[in-house]
Amino acid sequence: MFKNVFKNKKVLITGDTGFKGSWLAIWLKNLGAEVYGYSLPPKNQKDNFVVTALETKINHLDGDVRDFGKLVDYFNVVQPDFAFHLAAQPLVIDSYENPKYTFETNIIGTVNFFESVRKCNSVKVAINITSDKCYQNNEWVWGYRENDAMGGKDPYSASKGASELITQAYLYSFFSKDNTANIASARAGNVIGGGDWADYRIVPDFFRALEKRESLKLRYPESTRPWQHVLEPLSGYLTLAMKLFLEGKKYSGGWNFGPIGTTNQSVRTLVEKMIEYSGIGKYEAPEINDKFFEASLLNLDISKAMHLLNWKPVLDFLETVKFTVDGYLLNNVTDIYNARISQINSYCKLAKNKNIEWATH
Ligand SMILES: NC(=O)c1ccc[n+]([C@@H]2O[C@H](COP(=O)([O-])OP(=O)(O)OC[C@H]3O[C@@H](n4cnc5c(N)ncnc54)[C@H](O)[C@@H]3O)[C@@H](O)[C@H]2O)c1
């Protein structure tokens, strides 16, 4: 898989204690990579990083991405071949509470990441993970394309738009010559899957309510979101890294990794399908009249990744629900790390059956 490019390679991941970063670390380790992480410590005992005992399986250093000296030293010690930047303040609501921290982490953190890459000659590929919220949101029905304008009305979205512009500036100013690292950015959104316990997200909220035997209160039941299981954007990041490694700068720049149209479903449908599949849980949807206000139509056009990377999503909506619920309901599982590996293997098998290029060699 992935033409074996990660086997025996050193991969540095910022944000490895987080939801997506921990899954990426597990997958890369399973592909034979030597994984190094740099991030703040995990927030709670249920985090994927903790329950999979990832600290005992990869090399991890507690550190802040705002601390340039520490980050650049870590790059120099590790001498990675690949670097993925996922450390960020990822929540819109928190960005209203603490805009300065959000801007510092997401903007200066990006600068520190690319400066570290620039000062470390071993790096061949570096990918900055941003968000679908990096685009100027025109509330239109069409998917955003990679060459649409950056924007952001809230601090989080603006920080992600800025992180993209920084990537572009580093690309044109410092990483365009042949002997420099191949760099890119990746945009995805509404990622769900086992091990995410972030606040203000519908799936963690559902499982928190379940634990407390409470009924989940839906705030915006009719809001439609392009749900994606976490392995979908990750397969996109790995495909992009593989192409950058093997074929170089023609794959530099921004890439969308969104779902296919059929996984664009309402919050209500997602919760109903989770209840149906798991056979547990309940919800209430109090009447509210400001649905339009939260409508925030936000879809990604994934034509570029489909045509140029031969990447595409693997799971349909019901498979996405199934993978997500299975990732949370691990009551009788003692080795959660291995449960994650077996889910990755099932995902790869489905990808192979669907003849998706990265899974076939
Ligand atoms: N989960 C989603 O639905 C989603 C959607 C779009 C984009 N993203 C982006 O993907 C990336 C990962 O998101 P996630 O869902 O895994 O978030 P998460 O909160 O689970 O993980 C964030 C990671 O960043 C680290 N971090 C935060 N501030 C830091 C700092 N100042 N210094 C060092 N490390 C710091 C945390 O320790 C953690 O490891 C983020 O860039 C996020 O914006 C996520």
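Residues numbered from 1 in each chain as written. Predicted model: local features only at pLDDT ≥ 70, side-chain atom pairs only at ≥ 80, totals over all residues. Heavy atoms only, no water.

What follows covers the packing of helix α11 (residues 317-328) against helix α12 (residues 336-353). Following both chains from N to C, one finds α11 and α12 inclined at 165°, their axes separated by 11 Å at the closest point. The angle between the axes of α11 and α12 places the two elements in the roughly antiparallel class. When the axes of α11 and α12 are compared, the crossing they make is right-handed. Residues Glu319, Phe323, Asp326 and Gly327 of α11 form the contact with α12, whose own contacting residues are Arg340, Gln343, Ser346, Tyr347 and Leu350. Grouping the constituent residues of the contact of α11 with α12 by class yields three nonpolar, three polar and three charged. (Axes fitted to C-alpha atoms, helices over the stretch in contact; angles between N-to-C directions. Helix = DSSP H or I, 4+ residues; strand = E, 2+ residues; numbered from the N terminus. Parallel < 35°, antiparallel > 145°, perpendicular 65-115°, else oblique. Left-handed = near helix turned anticlockwise from the far one by under 90°. Contact = heavy atoms within 4.5 Å. Nonpolar A, V, L, I, M, F, W, Y, C, P; charged D, E, K, R; others polar.)

In this structure, the second largest pocket occupies an estimated 310 Å³ of space. In terms of lining, the second largest pocket is formed by 15 residues, of which the most central are Trp197, Glu211, Tyr328, Leu330 and Asn331. At the level of elements, α7 (202-211), α11 and α12 are the ones that each hand at least two residues to the lining of the second largest pocket. The greatest single-element share of the lining of the second largest pocket, amounting to three residues, is contributed by α7. When grouped by side-chain class, the residues that make up the lining of the second largest pocket number nine nonpolar, three polar and three charged. (1 Å grid on protein atoms, 1.4 Å probe; cavity = no way out; pocket = protein on both sides within 12 Å on 5 of 7 lines; lining within 4 Å. Points joined across faces, edges and corners; volume = space filled by probe spheres on them.)

When you tally the buried positions in α7, you get seven out of ten residues, the bulk of the element. Of all the residues in α7, the buried ones are Ile202, Val203, Pro204, Phe206, Phe207, Arg208 and Ala209. Those residues of α7 hidden inside the fold are in contact with β7 (191-192), β8 (216-217), α9 (267-278) and α11. Positive phi shows up at Arg213, right after α7, with a value of about 55°. (Buried < 20%, exposed > 50% of the residue type's maximum accessible area, 1.4 Å probe, protein only.)

Here we come to the pairing of strand β2 (residues 34-39). Among the six residues that make up β2, five are buried, leaving the element largely enclosed by the rest of the structure. Strand direction decides the pairing type here: strand β1 (residues 10-14) and β2, joined by five bridges, are parallel. Directly across from Leu12, in β2, lies its bridge partner Tyr36. What joins β1 to β2 is helix α1 (residues 19-30), and the crossover it makes is right-handed. Here four bridges tie β2 to strand β3 (residues 59-62), and the two strands are oriented parallel to one another. Bridge assignment links Ser39 to a residue of β3, and that residue is Asp62. (Pairing = 2+ DSSP bridges. Right-handed = clockwise from strand over helix to strand, strands pointing away.)

Next up on the list: the packing of aromatic side chains. With the rule as written, the count across this model stands at 24 aromatic pairs. On the numbers, 5.6 Å between centres and 75° between planes, the contact of Trp140 with Trp142 is edge-to-face. You can call Trp140 partly exposed: its relative accessible area is 26%. A relative accessible area of 57% means that Trp142 is categorised as exposed. (Phe/Tyr/Trp six-rings, centres within 6.5 Å; stacked < 30°, edge-to-face > 60°.)

Function cannot be read off these values alone, since they describe shape.
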